[in-house]
Amino acid sequence: MLTQNQSLKNLNTFGVEAKAKLFAELFSEEELAELLCDGKIMLEKKLIIGGGSNILFTKDFDGLIIKVSRSAINILEENDESVLIEAGAGVIWDELVKFCVERNFWGIENLTFIPGTVGAAPIQNIGAYGQELSDTFYSLDGVYAETCEKKTFRKSDCRFSYRSSIFKQELKNKFIITSVRLKLSKIQKPNTGYKTLQEYLSKKEITNPTITDISKAVEEIRRQRLPDPTKVGNAGSFFKNPEVSKDTFIKLKSEFVDVISFETDSEKVKISAGWLIEKSGWKGKRAGDVGTSPDHALVICNFGTATGAEILEFAMLIKEEVTKKFGITLEEEVNIL
Ligand SMILES: Cc1cc2nc3c(=O)[nH]c(=O)nc-3n(C[C@H](O)[C@H](O)[C@H](O)COP(=O)(O)OP(=O)(O)OC[C@H]3O[C@@H](n4cnc5c(N)ncnc54)[C@H](O)[C@@H]3O)c2cc1C
């Protein structure tokens, strides 16, 4: 069950080499409890991973990496209007989306084709094309890594925000998510406000999209825009879209009329990090085996045998250039280790 000196190369989508001192893949809560309650294991530094699609290993991990592979999907409750589903942390996120799309359960179809597992989805409150996990999130179960104590978190306990939650902040690597519950709608609720999605559907002359139309559209847009991590190592967006004050935005807009921005619920304006990077001259730029995608400046790629440290160094150069040009500091979306 426990392996030593485990290679992580096939366990992260950047495809970088690093080793874990100890590694365990667990398929049930019982296995997890048994491992965590072992006296020797209690003292080890811990890291939980799913699909490794939002992690950059820059060095070996001197502790225990736990991969939670618990994987079942169950319908807990349903009526004419809604359904409550539960999925194990190890379920592949896109398989859960397919399960819901096939049954006309509305609420996560815009999150089609996001890599990774269900257990990691609440960590950064995954989001895309106008939908976020928090829109349909109901609750989750898990255990504290240090004490083995079980806990259920309801939505209000999770402190979800843009690409963040309590699990990416004070509970980072302290709480292991074992299952997630979502409340979805059985009533047709297309969410097609996102510009790229809207444009795609109108080009195809789809005016009243079904859940399958939306899911297919999102998958096709993503296939066109994002490099496939099975072919080119990457972890999707490397940085978050920074949020600036309205005054800063007005100043920026007066200098750069083409600035790409998104509205937020707060007083702030979200600026496209991809646009900032492109305008700083870093779209498609390469240094050895590291570079930004020629199609999407926000995606940093491992084109060959780059190390995690080289990828990080490249990312920091981008960050410096953006700060120099725009006075805006980018924040990493990827978890750097
Ligand atoms: C091509 C590509 C496109 C992407 N597009 C998007 C996108 O559109 N929107 C988006 O939000 N993200 C996107 N991502 C990022 C990534 O897919 C998500 O963040 C995903 O949720 C990560 O899942 P994972 O299982 O791979 O997590 P991992 O990378 O293994 O882990 C991510 C974080 O979650 C923690 N974690 C993992 N599992 C658990 C658990 N069971 N309990 C506690 N902590 C845990 C880890 O410690 C780590 O901090 C993309 C990535 C790629 C490669």
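This text follows the structure it describes.
Because the structure is predicted, anything quoted here is derived from the model rather than measured.

Caption draft 1: Structural detail: helix α3 (residues 93-102). Burial of α3 is extensive: seven of the ten residues sit out of reach of the surface. Three or more residues of α3 are buried, namely W93, D94, L96, V97, F99, C100 and V101. Contact partners of the buried residues in α3: β6 (73-78), β7 (82-88), β12 (175-185) and α5 (211-225). N104, located one to two residues past α3, shows a positive phi value of around 60°.

Caption draft 2: Representation of the site of the ligand in the model. Residues in close proximity to the ligand total 31 residues, the closest being I48, G50, S53, T117 and R222. In the environment of the ligand, an oxygen atom lies 2.5 Å from a nitrogen or oxygen atom belonging to the backbone of I48. The backbone of G127 places a nitrogen or oxygen atom 2.8 Å from a nitrogen atom of the ligand. Relative to its unbound accessible surface of 980 Å², the ligand loses 95% to contact with the protein. Broken down by secondary-structure element, the contributors of at least two residues to the shell around the ligand are β3 (46-49), β8 (127-128), β12 and β13 (233-237).

Caption draft 3: Local environment of the side chain of N125. Tracing the chain through its elements places N125 in the loop between α3 and β8. Note on N125: relative accessible area 0%, which makes it buried. Within polar-contact distance, the side chain of N125 engages the side chain of E132 at 3.3 Å. A distance of 2.9 Å separates a polar side-chain atom of N125 from the backbone nitrogen of S134.

Caption draft 4: Structural view of unusual backbone geometry. The backbone of C148 sits at a positive phi, close to 65°, despite the residue not being glycine. Along the chain, the position of C148 falls in the loop between β10 (137-144) and β11 (150-154). Here E205, not a glycine, exhibits a phi torsion of approximately 55°, which is positive. One can find E205 in the loop between α4 (195-203) and α5. E205 gets classed as exposed once you look at its relative accessible area, which sits at 70%.

Caption draft 5: Seen up close, empty space enclosed by the protein. Counted under the stated rule, the structure contains one cavity of 30 Å³ or more. Counted as a void, the largest cavity has a volume near 40 Å³. For the largest cavity, the full set of lining residues is L26, F27, S28, E29, L32, V68, R70 and T178. Looking at the lining of the largest cavity, its residues break down into four nonpolar, two polar and two charged.

Caption draft 6: Geometry of the sheet that holds strand β15 (residues 261-263). Across the sheet, which stays open at both edges, the three strands sit in the order β14-β16-β15 with antiparallel pairing between neighbours. Lying at the two open borders of the sheet, with one neighbouring strand each, are β14 (243-244) and β15. In the sheet, β14 pairs with strand β16 (residues 269-271) via two bridges, with the strands oriented antiparallel. Bridge pairing links V244 to V269 in β16. The sheet contacts of helix α6 (residues 246-255) involve β14, β15 and β16, and relative to β16 the element is tilted by about 45°.

Procedures and definitions
- Residues numbered from 1 in each chain as written.
- Predicted model: local features only at pLDDT ≥ 70, side-chain atom pairs only at ≥ 80, totals over all residues.
- Heavy atoms only, no water.
- Buried < 20%, exposed > 50% of the residue type's maximum accessible area, 1.4 Å probe, protein only.
- Helix = DSSP H or I, 4+ residues; strand = E, 2+ residues; numbered from the N terminus.
- Contact = heavy atoms within 4.5 Å.
- Near = heavy atom within 4 Å.
- Polar contact = N/O pair within 3.5 Å; in protein donor to acceptor, adjacent residues only side chain to side chain.
- Areas by Shrake-Rupley, 256 points an atom, 1.4 Å probe, with all protein chains shown as cover.
- 1 Å grid on protein atoms, 1.4 Å probe; cavity = no way out; pocket = protein on both sides within 12 Å on 5 of 7 lines; lining within 4 Å.
- Points joined across faces, edges and corners; volume = space filled by probe spheres on them.
- Nonpolar A, V, L, I, M, F, W, Y, C, P; charged D, E, K, R; others polar.
- Pairing = 2+ DSSP bridges.
- Axes fitted to C-alpha atoms, helices over the stretch in contact; angles between N-to-C directions.

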